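Inside the fold
Residue-level listing of the chains:
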Amino acid sequence: MHVEDRLKELGIELPPAWDVPSDFRFVRAVTTGNLVFISGHGPRRPDGTHVTGRLGEDLDLDAGYEAARLTAIQCLASLKAEIGDLDRVVRIVKLLGFVNCTEKFGEPPRVMNGASDLLIDLFGERGRHARSAVGMQALPNGIAVEVEMVVEIAPAS
Amino acid sequence: MHVEDRLKELGIELPPAWDVPSDFRFVRAVTTGNLVFISGHGPRRPDGTHVTGRLGEDLDLDAGYEAARLTAIQCLASLKAEIGDLDRVVRIVKLLGFVNCTEKFGEPPRVMNGASDLLIDLFGERGRHARSAVGMQALPNGIAVEVEMVVEIAPAS
Amino acid sequence: MHVEDRLKELGIELPPAWDVPSDFRFVRAVTTGNLVFISGHGPRRPDGTHVTGRLGEDLDLDAGYEAARLTAIQCLASLKAEIGDLDRVVRIVKLLGFVNCTEKFGEPPRVMNGASDLLIDLFGERGRHARSAVGMQALPNGIAVEVEMVVEIAPAS
């Protein structure tokens, strides 16, 4: 099944890829050989606002899971903009998930499941990735979650 | 010398590779080309418990060093499960070490030496890696240290 | 234009590459295939001291930006020591920037621009990288910023 069909099946509409604000000069993603390195993305809602707040204080686990899911969708939109066609994904290789949280919060992995579950539901075995999930002092503009990814792709056909 | 012989010489018995708990769907490691990306692992003791606590508060430098060493052993067990034979290691390329600590703690690198020293004692020059070591607000279930690795391997013979 | 000429044009003198202190056994950088993984570096001044302090408390945004710029220069010095000639850089692939800051600090990305702007001013399009920028509880010896990089290089000619 094409990834785009599976997206529809899951009821996910990919938003336009995030535009890096004009006062920043880095890019959403860089491809080197058959690896794509995707910049840290945040939990951007369809209306352009972001989920902000701190796990263990402002946000509960469900809200964190949903934020991580939104973040994975943002990463996918940037990946699609970078490689043109999500069917080129050979493997989601690695996620690094940063969770904005209190010192006592022990559940960064359960928060990050919001990203991991989406990727595996979408790509199946190709979506099963290595991962780290850690708790952060602070994230850009107080967003709840930031995720970066490494993805293996097939050559363009 | 075979890596397994060197492990014995160092008095290290590799534990069975960590089973990712069933409510998590990521995997221990992913191989892409000749690189293995190893998930963030924690300081799991032989009895299955983990070293928890915060450097600069609950744990001193020796305890942190030992926790990082345990974490590297966990990574090696997962690496062996992924590639079958540790003699396939061409180079330990990169470590990223997360240390659970207070705001005042300035010694994440000395903690992480527990992982680095083990890898270099085991692999010699092949074990000399690039590394970052940073201090974290929170880690999963309050573990003291989390380490992820990138490893270059030779093709299976 | 050769990168070294562009460095002169920008008024940047690369310092000698940082010597990893003798009680640490990791290395500045490791090359695997055509990728160089550069260890986390800090904001080392020409006199050998480092910029220390916490954004949102001891240091303002300009000081953080300058610290990130110094850190990028340190990374470049290590990159040159590793690959011999900076003209071999094909692409700055990925930066991971750690900013020592308070819980309320929302500007890790603006701090990290100090590193990103330098790399893009120096390498042009080849310098446009993927990036994550996050806020940290603690960094080694209280340094303000730590940056690690992945760089694609051309084979030695």
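Preceding block: the structure.
Quick look at the structure, then.

About the criteria used
Residues numbered from 1 in each chain as written. Chains lettered and ligands numbered in written order. Predicted model: local features only at pLDDT ≥ 70, side-chain atom pairs only at ≥ 80, totals over all residues. Contact = placed C-beta atoms within 7 Å. Helix = DSSP H or I, 4+ residues; strand = E, 2+ residues; numbered from the N terminus. Nonpolar A, V, L, I, M, F, W, Y, C, P; charged D, E, K, R; others polar. Pairing = 2+ DSSP bridges. Axes fitted to C-alpha atoms, helices over the stretch in contact; angles between N-to-C directions. Parallel < 35°, antiparallel > 145°, perpendicular 65-115°, else oblique. Left-handed = near helix turned anticlockwise from the far one by under 90°. Least-squares fit on C-alpha atoms with pLDDT ≥ 70 in both.

The interface of chain C with chain A comprises 27 residues on the first partner and 21 residues on the second. Looking at the side of chain C that touches chain A, the elements that each hand over two or more residues are β3 (89-100), α3 (108-123), β4 (130-136) and β5 (145-153) of chain C. A per-element tally of the side of chain C that touches chain A places β4(C) first, with seven residues. Classifying every residue of the side of chain C that touches chain A gives 12 nonpolar, eight polar and seven charged.

Looking now at the sheet that holds strand β1 (residues 29-32) of chain A. Residue and element names in this part refer to chain A. Taking strand neighbours across the sheet as the criterion, the five strands line up as β1-β2-β5-β3-β4 in an open arrangement whose pairing is mixed. Only two strands of the sheet have a single partner each, and these edge strands are β1 and β4 (130-136). Along the sheet, successive strands turn relative to each other by an average axial angle of 15 degrees, direction set aside. Bridge analysis of strand β3 (residues 89-100) against strand β5 (residues 145-153) gives nine bridges, and the strand direction is antiparallel. From the neighbouring strand, Ile92 faces β5, where its bridge partner is Val151. Each of β1, β2 (35-41), β3 and β5 is contacted by helix α2 (residues 61-83), which is oriented at about 40 degrees to β5, the strand it contacts most. Helix α3 (residues 108-123) contacts β3, β4 and β5 of the sheet and is inclined by roughly 160 degrees relative to β3.

All names here are of chain B. A sheet is described by the order of its strands in space; here five strands give the open sequence β1-β2-β5-β3-β4, paired in mixed fashion. The open sheet is flanked by β1 (29-32) and β4 (130-136), the only strands paired with a single partner. Each strand axis lies, on average, 15 degrees off the axis of its neighbour in the sheet, ignoring direction. Pairing geometry for strand β3 (residues 89-100) and β4, over seven bridges, is parallel. Bridge assignment links Asn100 to a residue of β4, and that residue is Met136. Relative to the sheet, helix α2 (residues 61-83) contacts β1, β2 (35-41), β3 and β5 (145-153), its axis offset from that of β5 by approximately 40 degrees.

A few words on the packing of α2(A) against α3(A). All names here are of chain A. Axis separation between α2 and α3 bottoms out at 7 Å; the angle between their running directions is 40 degrees. The angle between α2 and α3 places the two elements in the oblique class. In the crossing of α2 with α3, the sense of the turn from one axis to the other is right-handed. Within the contact between the two elements, α2 uses Leu61, Gly64, Tyr65, Glu66, Ala67, Ala68, Arg69, Thr71 and Ala72 and α3 uses Arg110, Val111, Met112, Asn113, Gly114, Ala115, Leu118 and Leu119. Residue composition of the contact of α2 with α3, by class: 10 nonpolar, four polar and three charged.

On to the relation of the copies chain C and chain A. The transform that puts chain C on chain A rotates by 120 degrees and translates by 0.0 Å along the axis, for an RMSD of 0.0 Å. With respect to symmetry, the two chain copies, as superposed, fit the operation of a three-fold axis. The C-alpha atom lying nearest the rotation axis in chain C is that of C:Gln137; the distance is 3.0 Å. Interface overlap between copies: only 7% of the residues of chain C at the interface are likewise at the interface in chain A, consistent with a contact formed by different surfaces.

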